[in-house]
Protein chains: 2
Amino acid sequence: MNPPSPPAQIVRAIDVIRKKRDGGELSRYEIHSLVNAYTAGDIPDYQVSAWLMAVVLRGMTRPETAALTDAMLHSGDVLDLSSISARKVDKHSTGGVGDKTSLVLAPLAAAAGVAVPMISGRGLGHTGGTLDKLEAIPGFNVNLPVAQFRRILETCGCAMIGQTAEIAPADRKLYALRDVTGTVESPYLICASIMSKKLAEGIDALVLDVKTGSGAFMKTEDDAAFLAELMVETGERMGKEVVALITDMDQPLGSMIGNALEVVEAVEVLRGEGPEDLRQLCLELAGWMLHLGGVSATVEDGKRQSEKLISSGKALDKFRQMVELQGGDPRAIDDPGKLPQAQRTMTISSPEGGYLASLKCEQIGTACVVLGGGRERKEDSVDPAVGIVLHKKVGDAVSTGELLATIHYNSEARAQRVRELLEVSYQIADSPLEKRPLIHRIIGRT
Amino acid sequence: MNPPSPPAQIVRAIDVIRKKRDGGELSRYEIHSLVNAYTAGDIPDYQVSAWLMAVVLRGMTRPETAALTDAMLHSGDVLDLSSISARKVDKHSTGGVGDKTSLVLAPLAAAAGVAVPMISGRGLGHTGGTLDKLEAIPGFNVNLPVAQFRRILETCGCAMIGQTAEIAPADRKLYALRDVTGTVESPYLICASIMSKKLAEGIDALVLDVKTGSGAFMKTEDDAAFLAELMVETGERMGKEVVALITDMDQPLGSMIGNALEVVEAVEVLRGEGPEDLRQLCLELAGWMLHLGGVSATVEDGKRQSEKLISSGKALDKFRQMVELQGGDPRAIDDPGKLPQAQRTMTISSPEGGYLASLKCEQIGTACVVLGGGRERKEDSVDPAVGIVLHKKVGDAVSTGELLATIHYNSEARAQRVRELLEVSYQIADSPLEKRPLIHRIIGRT
């Protein structure tokens, strides 16, 4: 989509607010006018926050959602990666606990010949962030200028950086306002925020990992599917190939939570090891990335190619190359001892025998934040070394006194709070429960 | 009601916004905290506008509405008129075209022994305002300090002034924000705004004139009744006697529209003359004021007393006395030639014969604004002399070429625009239509 034609008449913010308040459908031109004027500082916060609340409570149609995404996308730079001949494909997750798939997928898809220009975020609340994980690698620089990002992408096929000031400034301004006005929780606004930033990467296709369950922002599968459909349709309206996998976040993904620990586990997967759930999800997402990236005829073929790239060591080589190009110490990939290490560990054992029935996922994410591994406020710094290793996952048999988890910590007081949190996060049952599926649903491209 | 007890814990604006967004009921303490913090400048506009939009779309319960009214009332001074032994009763109208009842009612009720401490507003949009009408009387001062207001009230039994900075400052701040954020149109917010200002007058009882019809803010009788019930219940929850009359505003009230013209017509009613609809409505409202003011056993008795006070000239004497006490020229009451006069008049005749079927009320109010008699923006000044005199009302027989209206104007260009507006405001039918009742419903005290 192109920005709409120049104004035939001035759009007044008050009229746009009233129209949405009364349940009307805004035109593309009205939405672009509002977003552009707000980004330029021509409309005050108090008008936009009233409009945002009206959107939260009245919703948006699909064309309105696409227009809002488009307006936010074009509020800043859109990367032009046409110099790269490979198809550009990215993956985005709505956030969870222990989700280190990005660290596996970028080098894996790049090893297959797909270009992966990945712009990621930091952890907030109980969820982790890719940038924080990458920064656990000594020297790794996520704050690269666009020119260098492009050079690394051309050299290596993948590059992973943080948000730049030039990308979707409207989203930055709107998100800050939503955060303080109770207007974060709207699928339409969430969709526009995610999609405007992802499409600014100049990609051809996008694989979305929409989490559902107790550790996800979307607790129910229906809410997750609604958001997923919205993002898929919005991306398609803007000429991109988009597929969304609704995946489980009712317990943490994999066994390790914490920045350096997650790098270790991602490397394990790139070596063909690592926990089964994480490995399976990485292969599924990689299969889609390769398929949408035009290097595999089917998703299944993409998964097979990915497995080969892992067993041949090519995927890990690619990760090593990217780490080096972004200033990181590649030896940390092969020797976890070169990653930040917590000073102490403490173990938690099961008070009874049976089967692990549930693991309170959000609570475990919060436990990692309490250790210092995440941030409660944007300005907080993180401790890359701390975290939690889970020795049992939902469905596993456990005997009395058997190890459930190990806490990696640097502060005794924090570790004690986390022990208490973890002790109430486990539920043991007499008989094994039916396991939730890892992949609940696939939306788009069917 | 008294302000709630001191804070047990800090209320965060974001939590109050989220609770209302999700349809929850706010506590008195949460509402008082929000209003107090906003009035003190401790909460930014952008949070309050998001909250206001959530209130518009989610509504409020009766206890919430009463708590909001109470918080706004206690944001400033509440007049203490306990030194006046008579019961204090006011009347408030939700705004219409040609509604000059306040100018009749204040002296009429005062002549009967009721104290009327009336704090009024200015015209805005297509509706007129009592202060603008009073200021058409040469010298009349509506900006009196509270001490002088009280002295005049003690001397004369009635006094009519404008809003002071000390009364309900929260309403002033909230109204300014609502005006620019599309959050005016909520019965809950309208109720709290009206009732907080009226109860700050230190009254014992209140008669509400809630207009309905094409010239009113509440177009349908149901909307008007909803607002009326809300205001009656809110007033009662706050220990006041309140009654609301739902009255017709589908055509202008009386025959004259424009500030000086409306003074002339109000004086006519105080002389026992004037148009029948205006006369009837004044007597009905006066009947209620006298009854709630404790000087008549029934409303009917109050109406009879009012008729006598008019025929004896005592009501007009009271008006003359109040005008003089507030600095106005009392000779203007007896000699309309001493009121501002427009330089020219222009007549509009009926293009066909039949019966007047409808008169577009809002359009006629707007026509008066176009002449300069009202204001489109708060900062506009008004021309007291201009206006419109209607020679026919809905239901009247009219023959071809007969006079429909006379425009009193000072600008030829404006008069031409108004002629065009008026010509499309009249609808003539072949047979007489059933007339709408003047008083649709009475709410409260039944």
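Scroll up to find the structure this text is about.
Described in the following lines is the structure provided in the data block. (Residues numbered from 1 in each chain as written. Chains lettered and ligands numbered in written order. Predicted model: local features only at pLDDT ≥ 70, side-chain atom pairs only at ≥ 80, totals over all residues. Heavy atoms only, no water.)

For the rest of this paragraph, the subject is helix α13 (residues 299-311) of chain A. Residues and elements named next belong to chain A. Taking 1.5 Å per residue, 13 residues should reach 18 Å; α13 reaches 19 Å between its end C-alpha atoms and fits that length. Along α13, the residues that are buried comprise V299, G302, K303, S306, L309 and I310. Each buried residue of α13 sits inside an arc of 125° when the element is viewed along its axis, so together they form one side. Opposite the buried face of α13, at more than 90 degrees from it, the exposed residues are K308 and S311. Considering only its buried residues, α13 is in contact with α5 (101-111), α11 (259-270), α12 (276-292) and α14 (314-325). Near the N-terminus of α13, the side chain that reaches the backbone nitrogen of E300, with its oxygen 3.5 Å away, is that of T298. (Helix = DSSP H or I, 4+ residues; strand = E, 2+ residues; numbered from the N terminus. Expected span 1.5 Å × (residues − 1). Buried < 20%, exposed > 50% of the residue type's maximum accessible area, 1.4 Å probe, protein only. Arc of directions from axis to C-beta. Contact = heavy atoms within 4.5 Å. Polar contact = N/O pair within 3.5 Å; in protein donor to acceptor, adjacent residues only side chain to side chain.)

This paragraph deals with the interface of chain A and chain B. Contacts between the two partners involve 21 residues from chain A and, on the opposite side, 21 residues from chain B. Of the roughly 1,700 Å² buried where chain A meets chain B, counting both sides, 68% is carbon and sulfur surface. Summed over the three residues of chain A that lose the most area to chain B, namely A:R21, A:Y46 and A:L57, the buried surface amounts to 34% of that side. Two residues, A:R21 and B:E185, come together in a salt bridge whose shortest N-O distance is 2.6 Å. On inspection of chain A and its partner chain B, the count reaches nine residue pairs in polar contact (both at pLDDT 80 or more). Mapped onto the side of chain A that touches chain B, the elements with two or more residues apiece are α1 (13-21), α3 (45-58) and α8 (169-181) of chain A. Of the residues in the side of chain A that touches chain B, the class split is 10 nonpolar, five polar and six charged. (Buried area = accessible area lost by both parts, 1.4 Å probe. Salt bridge = Lys/Arg side-chain N within 4 Å of Asp/Glu carboxyl O. Nonpolar A, V, L, I, M, F, W, Y, C, P; charged D, E, K, R; others polar.)

Between chain A and chain B, which share one sequence, the superposing operator has a rotation angle of 179° and an axial displacement of 0.0 Å; the RMSD is 0.1 Å. Overall, the copies show the geometry of a two-fold rotation axis. Distance from the rotation axis, computed per C-alpha, reaches its smallest value in chain A at A:Y46: 1.9 Å. When the interface residues of chain A are mapped onto chain B, 100% of them again fall at the interface, so both copies present the same face. (Least-squares fit on C-alpha atoms with pLDDT ≥ 70 in both.)

All names here are of chain A. With 17 residues, α12 should cover 24 Å at 1.5 Å per step; its first-to-last C-alpha distance of 24 Å lies within 8% of that length. The element α12 is largely enclosed, with a buried count of 15 among its 17 residues. After α12 finishes, the residue G294 shows a positive phi value of roughly 80°.

Below, the discussion takes up the packing of aromatic side chains. For the coordinates displayed, the defined rule picks out two aromatic pairs over all chains. Aromatic side chains A:Y188 and A:F226 sit 5.9 Å apart centroid to centroid with 85° between the ring planes, which places their arrangement in the edge-to-face category. In this pair, A:Y188 sits in helix α9 (residues 187-199) while A:F226 sits in helix α10 (residues 221-237), placing the two residues 38 residues apart along the sequence. A residue is classified by how much of its surface remains accessible, and A:F226, at 31% relative accessible area, is partly exposed. A cation over an aromatic ring shows up here: B:K173 above the ring of B:Y38, its NZ or CZ 4.5 Å from the ring centre. (Phe/Tyr/Trp six-rings, centres within 6.5 Å; stacked < 30°, edge-to-face > 60°. Lys NZ or Arg CZ within 6 Å of the ring centre and 35° of its normal.)

By size, the foremost hydrophobic cluster in this structure holds 132 residues, and its most contacted members are A:W51, A:L68, B:W51 and B:L68. What B:W51 contacts, discounting residues up to four positions off in sequence, is B:V16, B:I17, B:K20, B:L26, B:L34, B:M60 and B:L68. (Core = buried A, V, L, I, M, F, W, Y, C linked by side-chain atoms within 4.5 Å.)

Another aspect to go through is the packing of helix α2 (residues 28-39) of chain A against α8(A). All names here are of chain A. At their nearest, the axes of α2 and α8 sit 9 Å apart, and the two run at 85° to each other. Classified by the interaxial angle, the pair formed by α2 and α8 is roughly perpendicular. Contacts from V35, Y38 and T39 in α2 reach P169, A170, K173, L174 and L177 in α8. Among the residues making up the contact of α2 with α8, the classes are represented as six nonpolar, one polar and one charged. (Axes fitted to C-alpha atoms, helices over the stretch in contact; angles between N-to-C directions. Parallel < 35°, antiparallel > 145°, perpendicular 65-115°, else oblique.)

Right, let's talk about the sheet that holds strand β11 (residues 403-409) of chain B for a bit. All names here are of chain B. The four strands are arranged β6-β9-β11-β7 in an open sheet whose pairing can be described as antiparallel. Edge strands, defined here as strands with exactly one partner in the open sheet, are β6 (256-257) and β7 (344-349). Of the pairings in the sheet, the one linking strand β9 (residues 387-390) to β11 comprises four bridges and is antiparallel in character. Note on β11: the bridge partner recorded for V389 is T406. Against the sheet, helix α16 (residues 361-371) engages β6, β9 and β11, with an angle of about 140° to β9. This element, helix α17 (residues 412-423), spans β7, β9 and β11 of the sheet and lies at about 20° to β7. (Pairing = 2+ DSSP bridges.)

What follows deals with the pattern of salt bridges. All names here are of chain A. This structure, assessed with the given rule, holds 73 salt bridges over all chains. With a closest N to O distance of 3.0 Å, E64 and K20 form a salt bridge. Of this pair, E64 sits in helix α4 (residues 62-73) while K20 sits in helix α1, placing them 44 residues apart in sequence. A salt bridge links R237 to E233; the shortest N-O distance between them is 3.2 Å. Here R237 pairs with E233, and both are found in helix α10, just four residues apart, close to one helical turn.

Counting buried positions along strand β2 (residues 116-120) of chain A yields five of five residues, so the element is predominantly enclosed. The alternating pattern of β2(A) places A:V116, A:M118 and A:S120 and A:P117 and A:I119 on opposite faces, both of which are buried.

Let's shift gears to the packing of α5(A) against α11(A). Residue and element names in this part refer to chain A. Axis separation between α5 and α11 bottoms out at 8 Å; the angle between their running directions is 40°. The angle between α5 and α11 falls in the class oblique. With respect to the hand of their crossing, α5 and α11 are arranged in right-handed fashion. Only V263, A266, V269 and L270 of α11 make contact with α5, whose side of the interface consists of L103, V104 and P107. Residues that form the contact of α5 with α11 fall into these classes: seven nonpolar, no polar and no charged. (Left-handed = near helix turned anticlockwise from the far one by under 90°.)

Here, the word disulfide means a covalent bond between the sulfur atoms of two cysteines. Residues and elements named next belong to chain A. Per the stated rule, a full pass over the model turns up zero disulfides over all chains. In this model C361 remains outside any disulfide bridge; the closest cysteine sulfur is found in C368, 12 Å from its own. Assessed through its relative accessible area of 0%, C361 is described here as buried. (Disulfide = S-S within 2.5 Å.)

In this section: unusual backbone geometry. All names here are of chain A. For A168, which is not glycine, the phi dihedral falls at a positive 45°. Looking at where A168 falls in the secondary structure, it is placed in the loop between β3 (158-162) and α8. A residue is classified by how much of its surface remains accessible, and A168, at 1% relative accessible area, is buried.

Below, the discussion takes up the sheet that holds strand β8 (residues 354-359) of chain A. Residues and elements named next belong to chain A. Strands sit in the order β10-β8-β12 across an open sheet of three strands; the sheet is antiparallel. Here the strands that pair on one side only, and so sit at the sheet edges, are β10 (397-398) and β12 (426-429). Pairing of β8 with β12 involves four bridges; the strand directions are antiparallel. Bridged to L359 within β12 is Y426.

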